[in-house]
Amino acid sequence: MTPDAVRDELREHGYVVMRGIIDPAAIARARAHLEKAVGVHLDQACSAGVIHDHCTDQSLETGLVRAYADTDPDAAPVSWVAQTKSSFVFQQLLFRDASLCRLVEQLLGRPATVVSRFNVRSKLPGSESVNFPWHQDHAYFRLQYLMRKQPVRRLVGVWAPLLPADSTSGVIELHPGSHLRGFVRHRRAGDFLTVSDQFRPTTGGEAPSLEPGDVVLFTDLTMHRSGPNLSGVVRWTADWAFEMTEGDTICPQLHPTGERATGWHRPRWLLGVCDEFLGRAGPAVARGLLVALVALAAALGVAATRGNRSLL
């Protein structure tokens, strides 16, 4: 697919599937790195009595499944940021894959900039902790930038499976064209943020079947979600993002009609919260803290008239 065709897909649909763009060697080394991390975790969990027997199976496909077969699958780790944040394999070979960065450079007309925010996730069959409802990534990104006292940046996201993924394993599901609505209001849904009822898609989205080496590129306003893992193996994925600006041709407008997504004004005390904690605490704690801060701000009556900067 040519860069012009990719640009057209992003502008029209809000996402594009790139087949086999990641170097197979990078995928293989990333998987090997995670297999070692799984082995370390299972040894520690067994010693701590969290699991009784991790068997000898430490494969990505079924190691965690078998180890947590007799307990709650949500007790298993979800985020592997701590194990990959200093990994050359992930930070350089995967997130800065030469072919992918070249494509992004062609789309933006400047060198590709990978942002520090990323995640590597495992989703066990039956787990509900990473079943994200419909949302726009900008809702999460915006708050994180504000909390770090940084200008809010626009991002184009990357979602990459490390094992084959499809609708049975909880692959990402995207709603075509939803980015053209702009940034919409979100509300709390348990430990997640989700688009408010009036903006929720009334039809299902598209859930592409993906192989390792494939990626989904999507804008920060493209509504997406992920369903339950109904397969018999772990769904392993990595997601990261590149910076873009409001003037880029693939960057959708935040407020195409001139309306703000919400009237909440950013409270100054939120900006002092250390985002490093969010990155180290794990996704469940981080998401819970983010949505709790939003709810508390609303409860304190932090409101503003139209035109004020929004929190989400």
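About the criteria used
Residues numbered from 1 in each chain as written. Predicted model: local features only at pLDDT ≥ 70, side-chain atom pairs only at ≥ 80, totals over all residues. Heavy atoms only, no water. Helix = DSSP H or I, 4+ residues; strand = E, 2+ residues; numbered from the N terminus. Contact = heavy atoms within 4.5 Å. Areas by Shrake-Rupley, 256 points an atom, 1.4 Å probe, with all protein chains shown as cover. Salt bridge = Lys/Arg side-chain N within 4 Å of Asp/Glu carboxyl O. Buried < 20%, exposed > 50% of the residue type's maximum accessible area, 1.4 Å probe, protein only. Arc of directions from axis to C-beta. Polar contact = N/O pair within 3.5 Å; in protein donor to acceptor, adjacent residues only side chain to side chain. Pairing = 2+ DSSP bridges. Phe/Tyr/Trp six-rings, centres within 6.5 Å; stacked < 30°, edge-to-face > 60°. Core = buried A, V, L, I, M, F, W, Y, C linked by side-chain atoms within 4.5 Å. pLDDT = per-residue confidence, 0-100. Axes fitted to C-alpha atoms, helices over the stretch in contact; angles between N-to-C directions.

K.L.:
Whenever I open this one, the overall build of the protein confuses me. Can you help?
P.N.:
Looking only at helices and strands, one finds nine helices and nine strands in the protein. When contacts within the protein are restricted to residue pairs at least 6 apart in sequence, long-range pairs at least 24 apart make up 83% of them. Only carbon and sulfur atoms are counted for the fraction: they give 51% of the accessible area of the protein, which is about 13,700 Å².

K.L.:
Which parts of the structure should I look at to understand the pattern of salt bridges?
P.N.:
Opposite charge on two side chains lets them pair, provided their charged atoms get close. Taken as a whole, this structure holds twelve salt bridges when the rule is applied. Put simply, R19 and D214 hold a salt bridge, and the shortest N to O gap is 3.0 Å. A residue pair is termed long-range when its members are at least 10 positions apart, and R19 in the loop between β1 (15–18) and α2 (24–47) and D214 in the loop between β6 (192–195) and β7 (215–219) qualify at 195 residues. A salt bridge links R187 to D197, with the shortest nitrogen-to-oxygen separation between them at 3.4 Å. Here R187 is found in strand β5 (residues 186–189), whereas its partner D197 is found in the loop between β6 and β7, with ten residues between them in sequence. Relative accessible area serves as the criterion here: at 34%, R187 is assigned to the partly exposed category. In this structure, a network of salt bridges that share partners links the residues R117, R121 and D239.

K.L.:
Help me out: how do you make sense of helix α6 (residues 98–108) in this one?
P.N.:
Residues spaced three or four apart along an α-helix point in a common direction, a consequence of the helix completing one turn every 3.6 residues. Inspection of α6 places L100, C101, L103, V104, L107 and L108 among the buried residues, and these make up the whole buried set. The buried side chains of α6 occupy one side of the element, clustering within an arc of 160° when seen end-on. For α6, the elements touching its buried residues are α1 (3–13), β1, β3 (154–161), β7 and β9 (235–244). The opening residue of α6 is D97, an N-cap whose side-chain oxygen sits 3.1 Å from the backbone nitrogen of S99. Just beyond α6, the residue with positive phi is G109, at close to 80°.

K.L.:
Looking at this structure, I do not really get the pairing of β7. What am I missing?
P.N.:
Moving residue by residue along a regular strand, the side chains alternate between the two faces of the sheet. For β7, a buried count of five out of five residues is recorded, marking the element as mostly surrounded by other parts of the structure. Both faces of β7 are covered, namely the face carrying V215, L217 and T219 and the face carrying V216 and F218. Here β3 pairs with β7 via four bridges, running antiparallel. By the bridge assignment, V156 is partnered in β7 with T219.

K.L.:
What should I look at first to understand the environment of G109 in this one?
P.N.:
Residue placement: G109 occurs in the loop between α6 and β2 (119–123). The sequence separation of G109 and D248 amounts to 139 residues, and the corresponding C-alpha distance is 8.7 Å.

K.L.:
Mind showing me how you'd approach the packing of aromatic side chains here?
P.N.:
We describe a pair of aromatic rings using the distance from one ring centre to the other and the angle between the two ring planes. One pass over the structure, following the stated rule, counts five aromatic pairs. Considering the side-chain rings of F90 and F95, the 6.1 Å spacing of their centres and the 65° angle between planes classify their relative orientation as edge-to-face.

K.L.:
Even after reading the chapter, I still don't get the nonpolar core, so can you show me in this structure?
P.N.:
The nonpolar side chains of a soluble globular protein tend to be buried with one another. Within the largest apolar cluster, 51 residues are counted, with the highest numbers of intra-cluster contacts made by W236 and W240. A total of eight residues in this core trace back to one element, the largest contributor, which is α2. Setting aside residues no more than four positions away along its own chain, W240 makes contact with L94, F95, L100, V114, R117, F118, V156, G157, V158 and A160.

K.L.:
Would you take a moment to explain the side chain of H186 for this structure?
P.N.:
With respect to the helices, strands and loops of the structure, H186 is situated in strand β5. At a separation of 3.1 Å, a polar atom in the side chain of H186 contacts the main-chain amide nitrogen of Q136. Of note is the side chain of H186, whose polar atom sits 2.9 Å from the backbone oxygen of V184. Sequence-distant contacts of H186, that is, excluding residues within four places in its chain, are made with H135, Q136, A139, L193, T194, V195 and S196.

K.L.:
What am I meant to see in the environment of F132 here?
P.N.:
Within the secondary structure layout, F132 lies in the loop between β2 and α7 (137–147). For F132, a relative accessible area of 12% translates into the label buried. Considered as a pair, F132 and D191 are 59 residues apart in the sequence and their alpha carbons are 9.4 Å apart.

K.L.:
Help me understand the confidence of the model for the protein in this model?
P.N.:
Any residue range with low pLDDT should be treated as having predicted coordinates unsuitable for detailed reading. When the pLDDT values of the protein are averaged, the result is 85; 81% of them are 70 or greater. Per-residue pLDDT stays below 50 along residues 261–281; that stretch engages in 51 contacts with residues further than four places along the chain or on separate chains. In the predicted structure, residues 297–312 sits below a pLDDT of 50 and forms 41 contacts with residues beyond four places in sequence or in another chain.

K.L.:
What am I meant to see in the sheet that holds β1 here?
P.N.:
Note: strands within a sheet are paired through backbone hydrogen bonds, in either parallel or antiparallel orientation. Pairing in this open sheet of five strands is antiparallel, and the strands run β1-β7-β3-β9-β2 from one edge to the other. Sheet topology places β1 and β2 at the edges, where each strand pairs with a single neighbour. The sheet shows a mean angle of 20° between the axes of neighbouring strands, taken without regard to direction. Note that β1 and β7 share four bridges and pair antiparallel. Along β7, the bridge assignment pairs M18 with V215. Together, β1, β3, β7 and β9 form the strand contacts of α6, whose direction differs from that of β9 by roughly 35°.

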